Amino acid sequence: MAELPDLTVFALTLNRKFKGKRLKKLEIFIAKKLNVTSLELQKRLENQVLEKVDRVGKTLQFRFGKSEVLGLHLMLRGELKEVSKDQQLPPNAILSFHFTGGIGLAVTDSLKQATATLKPAENIVPDALDIKESDFIALLSKKSKKIKTLLMDQKLIGGIGNSYADEILWDARISPLSIANKIPNQAAKKLYKSISDVLEIAISAMKKENKGELRGELRDFMNIHGANIKKSPTGKRIQSEKINGRTAYFTEEQNFYG
DNA sequence: GAATATGTTTAAAT
DNA sequence: CATTTAAACATATT
């Protein structure tokens with residue numbers, strides 16, 4: 001699925017392609033994950049101008065007109081696909097936006113779990129790229145859960161999923177099994193830096209790779225996370241273990257604190 | 001065909 | 001009671 005870097009680049013691309021255009025038609029094929037009726041959603045958004053697309057945590061927020069906001073979460077398998085007027089829709093379409101000029105955007109999801117939320121709740125969770133170092137350190141000291149679980153907890157920090165959690169923890173040389181409040185200050189500071197380092201590098205790599213077009217997520221440049229990756233960049237064997245039902249990939253280079 | 005991958009919600013355990 | 005962990009959800013891909 002898409003994590004913070006993918007979504008950040010998606011937002012850039014969507015702004016480039018659709019910002020300032022009027023939504024002529026909104027088609028809803030699966031309404032199960034909407035928080036309002038299809039009719040209400042269409043009524044609120046159709047004929048409004050798309051002002052901006054922002055990433056908020058793992059969601060995209062589409063701002064229409066003066067005050068309408070649609071939050072979109074792609075969940076496990078959601079994808080965004082550009083569609084043109086007379087083109088047939090991609091499989092598993094949930095929504096399709098048709099803008100002036102004959103260009104459009106389809107949201108697909110084979111699992112049908114992607115959610116579209118009109119007027120999403122105000123986000124009070126700090127974003128992984130915005131959180132202050134002092135707040136991050138304070139957060140770690142309050143929690144006795146595994147560090148990887150903490151990084152992925154969207155109620156604590158926004159934007160990091162299973163893949164990037166592994167990449168970040170390797171970069172910081174901290175074992176994913178470490179207990180958050182047992183991580184010494186020095187290592188916690190390094191972890192804080194690794195979060196922005198790893199995410200920023202991924203964002204710029206994806207910008208380059210996607211060339212301003214909408215594509216799926218890219219993980220070609222993952223160093224650690226992936227069943228087919230055998231060795232870390234430093235040549236150490238990668239091992240794996242389930243943490244809360246998700247596979248964590250890591251190496252012996254990573255220090256365990258706990 | 002069983003195992004794997006994935007994020008969130010809900011249920012269970014500590 | 002608060003906090004942490006496991007299970008459930010569903011299906012394309014390996």
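Keep in mind it's a predicted model, so treat the numbers as computed, not measured. (Residues numbered from 1 in each chain as written. Chains lettered and ligands numbered in written order. Predicted model: local features only at pLDDT ≥ 70, side-chain atom pairs only at ≥ 80, totals over all residues. Heavy atoms only, no water.)

Asker: Could you clarify how one ought to interpret the overall build of chain A in this entry?
Answerer: When its secondary structure is counted, chain A shows six helices and ten strands. What you see for chain A is a C-alpha radius of gyration of 20 Å, in line with the 18 Å of a compact globule of 258 residues. Its C-alpha atoms give chain A principal-axis dimensions of roughly 55 × 35 × 30 Å. Burial status across chain A gives 50% buried among its 258 residues. (Helix = DSSP H or I, 4+ residues; strand = E, 2+ residues; numbered from the N terminus. Rg over C-alpha atoms; globule rule 2.2 N^0.38 Å. Buried < 20%, exposed > 50% of the residue type's maximum accessible area, 1.4 Å probe, protein only.)

Asker: Sorry, what's going on with a nonpolar patch on the surface here?
Answerer: Together, Met 75, Leu 76 and Leu 111 line one region of the surface with nonpolar side chains, adding up to about 240 Å² of accessible area. The exposure class assigned to Leu 111 is partly exposed, which follows from its relative accessible area of 36%. (Patch = residues over 30% accessible without salt bridge, like charges linked within 9 Å, V, L, I, M, F, W, Y side chains within 5 Å. Areas by Shrake-Rupley, 256 points an atom, 1.4 Å probe, with all protein chains shown as cover. Salt bridge = Lys/Arg side-chain N within 4 Å of Asp/Glu carboxyl O.)

Asker: Before we go on, may I ask you to explain the sheet that holds strand 2 (residues 50-56) in this structure?
Answerer: Across a sheet, strands are paired by hydrogen bonds formed along the backbone, either parallel or antiparallel in direction. Spatially, four strands are ordered 2-3-4-8 in an open sheet, and the strand pairing comes out antiparallel. With partners counted over all chains shown, the strands left at the sheet margins are strand 2 and strand 8 (115-118), one partner each. Shown here is a sheet whose adjacent strand axes are inclined to one another by a mean of 20°, direction ignored. Sheet analysis places strand 2 next to strand 3 (residues 59-64), joined by six bridges and oriented antiparallel. (Pairing = 2+ DSSP bridges. Axes fitted to C-alpha atoms, helices over the stretch in contact; angles between N-to-C directions.)

Asker: Help me out: how do you make sense of the protein's contact with DNA strand B in this one?
Answerer: Neighbouring DNA strand B are 20 residues, the closest being His 73, Leu 76, Arg 246, Thr 247 and Tyr 249. Considering the 4 Å shell around the protein, atoms of DNA strand B inside it are sugar or phosphate in 56% of instances. Within the side chain of Lys 58, an N or O atom sits 3.3 Å from a phosphate oxygen of DNA strand B. Within the side chain of Asn 162, one N or O atom sits 3.2 Å away from a phosphate oxygen of DNA strand B. At the level of elements, helix 5 (162-172) and strand 10 (246-250) are the ones that each hand at least two residues to the surface near DNA strand B. Here the surface near DNA strand B takes three residues from strand 10, the largest share from any one element. Its residues assigned to classes, the surface near DNA strand B comprises five nonpolar, eight polar and seven charged. (Near = heavy atom within 4 Å. Polar contact = N/O pair within 3.5 Å; in protein donor to acceptor, adjacent residues only side chain to side chain. Nonpolar A, V, L, I, M, F, W, Y, C, P; charged D, E, K, R; others polar.)

Asker: Help me understand the domain arrangement of chain A in this model?
Answerer: Many structure descriptions define interface size as the accessible area lost when the parts assemble. With domains assigned, chain A is organised as domain 1 (4-118) and domain 2 (133-250). Just the C-alpha atoms count here: the centres of domain 1 and domain 2 sit 28 Å apart. On the domain 2 side, the residues contacting the 17 residues of domain 1 number 19 residues. Surface buried jointly by domain 1 and domain 2 totals about 1400 Å² across both partners, of which 70% is contributed by carbon and sulfur atoms. Inspection of the region where domain 1 meets domain 2 yields zero salt bridges. At the level of elements, helix 1 (4-18) and strand 5 (78-84) are the ones that each hand at least two residues to the side of domain 1 that touches domain 2. With eleven residues, helix 1 is the single largest residue contributor to the side of domain 1 that touches domain 2. Residue composition of the side of domain 1 that touches domain 2, grouped by class: eight nonpolar, three polar and six charged. (Domains from an automatic or database assignment. Contact = heavy atoms within 4.5 Å. Buried area = accessible area lost by both parts, 1.4 Å probe.)

Asker: Could you clarify how one ought to interpret the protein's contact with DNA strand C in this entry?
Answerer: Near DNA strand C, the surroundings consist of Arg 77, Ser 110, Leu 111, Gln 113, Lys 143, Ser 144, Lys 145, Lys 146, Asn 244 and Arg 246. Counting only the atoms of DNA strand C that lie within 4 Å of the protein, the sugar and phosphate share comes to 71%. The contact in question runs from a phosphate oxygen of DNA strand C to an N or O atom on the backbone of Ser 144, over 2.6 Å. Residue Lys 145 places a main-chain N or O atom 3.4 Å away from a phosphate oxygen belonging to DNA strand C. Here the residues of the surface near DNA strand C sort into one nonpolar, four polar and five charged.

Asker: I would appreciate a short explanation of the packing of helix 5 against helix 6 (residues 185-210) in the present structure.
Answerer: Each pair of packed helices can be described by the angle between their axes along with the distance between the axes. Orientation of helix 5 relative to helix 6, taken along the N-to-C sense of each, is 125°, at an axis distance of 8 Å. Accordingly, the angle class assigned to the pair helix 5 and helix 6 is oblique. Classified by chirality, the crossing of helix 6 by helix 5 is right-handed. On the side of helix 5, the interface is formed by Tyr 164, Glu 167, Ile 168, Leu 169, Asp 171 and Ala 172, while helix 6 contributes Lys 190, Leu 191, Ser 194, Ile 195, Val 198, Leu 199, Ala 202 and Met 206. Of the residues in the contact of helix 5 with helix 6, the class split is ten nonpolar, one polar and three charged. (Parallel < 35°, antiparallel > 145°, perpendicular 65-115°, else oblique. Left-handed = near helix turned anticlockwise from the far one by under 90°.)

Asker: How should the environment of Ala 248 be read in this particular structure?
Answerer: Locating Ala 248 in the fold gives a position in strand 10. With 83 residues separating them along the chain, Ala 248 and Ala 165 place their C-alpha atoms 8.6 Å apart. For Ala 248, the contacting residues outside a window of four places in its chain are Lys 148, Asp 166, Pro 176, Gln 239, Ser 240, Glu 241 and Ile 243.

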